[in-house]
Amino acid sequence: MKKILILLIAGLMILGIGFSADRVSVGAKNFTEEYVMGALASALLEDAGFRVSEDFGMSTFAVRTALKTGQIDMYPDYTGTAWTAFFKKEEVVRDPVELYERVKKIDLEENNIVWLDRLPFNNTYALGITNEMAKKYNLRTLEDLAEFINTTDENIIFGVEYEFYDRPDGFFAMADAYGMTVNKKNVKTMDIGMTYEAIARDSIQVAMVFSTDGKLDKYNLTVLEDNQNFFPIYNPAITIRKEVYDKYPEIEEILKPLSQYLNANIIRRMNYLVDAAGMEPDEVAKDFLNGLGLLKK
């Protein structure tokens, strides 16, 4: 029996899946861009020799709790989310680097969470309308929309994601900031991504979107400019437990391509390939990394 066990362990080590392999878990929230960034991180880590388990598809607060409690080791999050939703800060910080540095400092000191490099694109909340509606009513900004909503006799229905409905930086706070009078019965909550299908069916007329969504192109939507800068900056970064970071400091260098090669146009295209072209996030991630010659395996 002992001889069989020894042979089994030897066989596993030959296959490269020995018990001593470095293991990390990567999480992600429940929308396309998070799946793509999670898949990018997983692919880079696996290529560097880590055994990676994935736990994708969690809500913002669920994945944050999973990180803090050690259920996962890392996941991508956004500076604006940490500042307003996690740290409950009301001050608006306009400079993206300053916001990142302040978030990074707070999370390390208070939660032992390390923020790796800031990714240079801003995936903030936004409101979208059809190109036809934008042209018909000459709507280009949220200020334009507020004036239209406050004066029109039309029954305008908004579609927003559940978290956006309740968040301190969410829908009704935005409406108050712009002086937009919206009856709660005119605001429908729905899963992330369903706002696009709803606006295409005309069951809503204004959709909550993310500014780097691939579906913006698929559904021919106009993103209304936040001309009062209500929404915080949402630069993503990989957040990782300090315990894991200290054990594997090389992870920072392994994941550096995320900050070196991603930008708003690229991530929006990658999101589009998943949402509109039907590709899987891991397929899109590996195609991108292989195209840059970043994967050895």
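In the block above lies the structure referred to throughout.
The model shown is predicted, which means the values in this text are computed figures rather than measured ones.

Scoring rules and cut-offs
Residues numbered from 1 in each chain as written. Predicted model: local features only at pLDDT ≥ 70, side-chain atom pairs only at ≥ 80, totals over all residues. Heavy atoms only, no water. Helix = DSSP H or I, 4+ residues; strand = E, 2+ residues; numbered from the N terminus. Buried < 20%, exposed > 50% of the residue type's maximum accessible area, 1.4 Å probe, protein only. Contact = heavy atoms within 4.5 Å. Pairing = 2+ DSSP bridges. Axes fitted to C-alpha atoms, helices over the stretch in contact; angles between N-to-C directions. Arc of directions from axis to C-beta. Polar contact = N/O pair within 3.5 Å; in protein donor to acceptor, adjacent residues only side chain to side chain. 1 Å grid on protein atoms, 1.4 Å probe; cavity = no way out; pocket = protein on both sides within 12 Å on 5 of 7 lines; lining within 4 Å. Points joined across faces, edges and corners; volume = space filled by probe spheres on them. Nonpolar A, V, L, I, M, F, W, Y, C, P; charged D, E, K, R; others polar. Salt bridge = Lys/Arg side-chain N within 4 Å of Asp/Glu carboxyl O. Parallel < 35°, antiparallel > 145°, perpendicular 65-115°, else oblique.

1. Let's talk about the environment of Tyr196
Turning to step 1, where the next piece is worked out: Considering the arrangement of structural elements, one finds Tyr196 in helix α10 (residues 194-200).
Turning to step 2, where the next piece is worked out: Owing to a relative accessible area of 2%, Tyr196 belongs among the buried residues under this scheme.
Turning to step 3, where the next piece is worked out: Counting along the chain gives 133 residues from Tyr196 to Val63, while the straight-line C-alpha distance between them is 24 Å.
Turning to step 4, where the next piece is worked out: Each residue touching Tyr196, except ones within four places of it in the same chain, is listed here: Val209, Phe210, Asp213, Lys215, Leu216, Tyr219 and Leu221.

2. What about the sheet that holds strand β5 (residues 125-130)?
Turning to step 1, where the next piece is worked out: The strand order across the open sheet formed by five strands is β7-β6-β8-β5-β9, and the pairing between neighbours is mixed. Sheet topology places β7 (187-190) and β9 (221-223) at the edges, where each strand pairs with a single neighbour. Across the sheet, the mean angle separating the axes of adjacent strands is 35° when strand polarity is ignored.

3. Observations concerning helix α7 (residues 142-151)
Turning to step 1, where the next piece is worked out: Within the sequence span of α7, burial applies to Leu142, Leu145, Ala146, Phe148 and Ile149. The buried residues of α7 occupy one face: seen down the axis, they fall within an arc of 165°. Exposed residues lying more than 90 degrees from the buried face of α7 are Glu147 and Thr151.
Turning to step 2, where the next piece is worked out: Where α7 is buried, its residues contact β5, α6 (131-137), β6 (158-161), α9 (171-177) and β8 (206-210).
Turning to step 3, where the next piece is worked out: Its side-chain oxygen placed 3.3 Å from the backbone nitrogen of Glu143, Thr141 serves as the N-cap of α7.

4. Details of empty space enclosed by the protein
Turning to step 1, where the next piece is worked out: All chains considered together, the criterion is met by two cavities of 30 Å³ or more.
Turning to step 2, where the next piece is worked out: What the largest cavity holds in volume is close to 140 Å³.
Turning to step 3, where the next piece is worked out: Lining the largest cavity are 15 residues, with Lys29, Phe31, Thr81, Tyr125 and Phe210 positioned closest to its centre.
Turning to step 4, where the next piece is worked out: Residue classes in the lining of the largest cavity are distributed as six nonpolar, five polar and four charged.
Turning to step 5, where the next piece is worked out: Of the pockets and cavities examined, the second largest cavity occupies roughly 60 Å³.

5. A look at the pattern of salt bridges
Turning to step 1, where the next piece is worked out: As enumerated under the stated definition, the model contains twelve salt bridges in all.
Turning to step 2, where the next piece is worked out: The residue Lys215 makes a salt bridge to Glu197 at a minimum N-O spacing of 3.5 Å. Placement of the pair is Lys215 in helix α11 (residues 215-218) and Glu197 in helix α10, with a sequence separation of 18 residues.
Turning to step 3, where the next piece is worked out: The exposure class assigned to Lys215 is buried, which follows from its relative accessible area of 13%.
Turning to step 4, where the next piece is worked out: Its salt-bridge partner being Lys242, residue Asp246 comes within 2.7 Å of it at the nearest N-O pair. Of this pair, Asp246 and Lys242 both sit in helix α12 (residues 242-247), four residues apart, which is roughly one turn of the helix.
Turning to step 5, where the next piece is worked out: The partly exposed category is assigned to Lys242, whose relative accessible area is 29%.

6. What about the packing of helix α2 (residues 32-47) against helix α15 (residues 264-275)?
A pair of packed helices is captured by two measures, namely the crossing angle of their axes and the spacing between those axes.
Turning to step 1, where the next piece is worked out: Running from N to C, α2 and α15 cross one another at 105°; their axes reach a closest spacing of 9 Å. Taken together, α2 and α15 sit at an angle that is classed as roughly perpendicular. Contacts between α2 and α15 involve Thr32, Glu33, Val36, Met37 and Leu40 from the first element and Ile267, Met270, Asn271, Val274 and Asp275 from the second.
Turning to step 2, where the next piece is worked out: Considering only residue class, the contact of α2 with α15 consists of six nonpolar, two polar and two charged.

7. Brief notes about the layout of surface pockets
Turning to step 1, where the next piece is worked out: Approximately 280 Å³ is the volume found for the largest pocket.
Turning to step 2, where the next piece is worked out: Along the walls of the largest pocket sit 16 residues, with Thr84, Lys89, Glu90, Val92 and Asp169 positioned nearest its centre.
Turning to step 3, where the next piece is worked out: A breakdown of the residues in the lining of the largest pocket according to their chemical character gives seven nonpolar, three polar and six charged.
Turning to step 4, where the next piece is worked out: Approximately 200 Å³ is the volume found for the second largest pocket.
Turning to step 5, where the next piece is worked out: Lining of the second largest pocket is provided by 14 residues; of these, Asn122, Thr124, Asp226, Asn229 and Phe231 occupy positions nearest its centre.
Turning to step 6, where the next piece is worked out: Of the residues contributing to the lining of the second largest pocket, the split by class is nine nonpolar, three polar and two charged.

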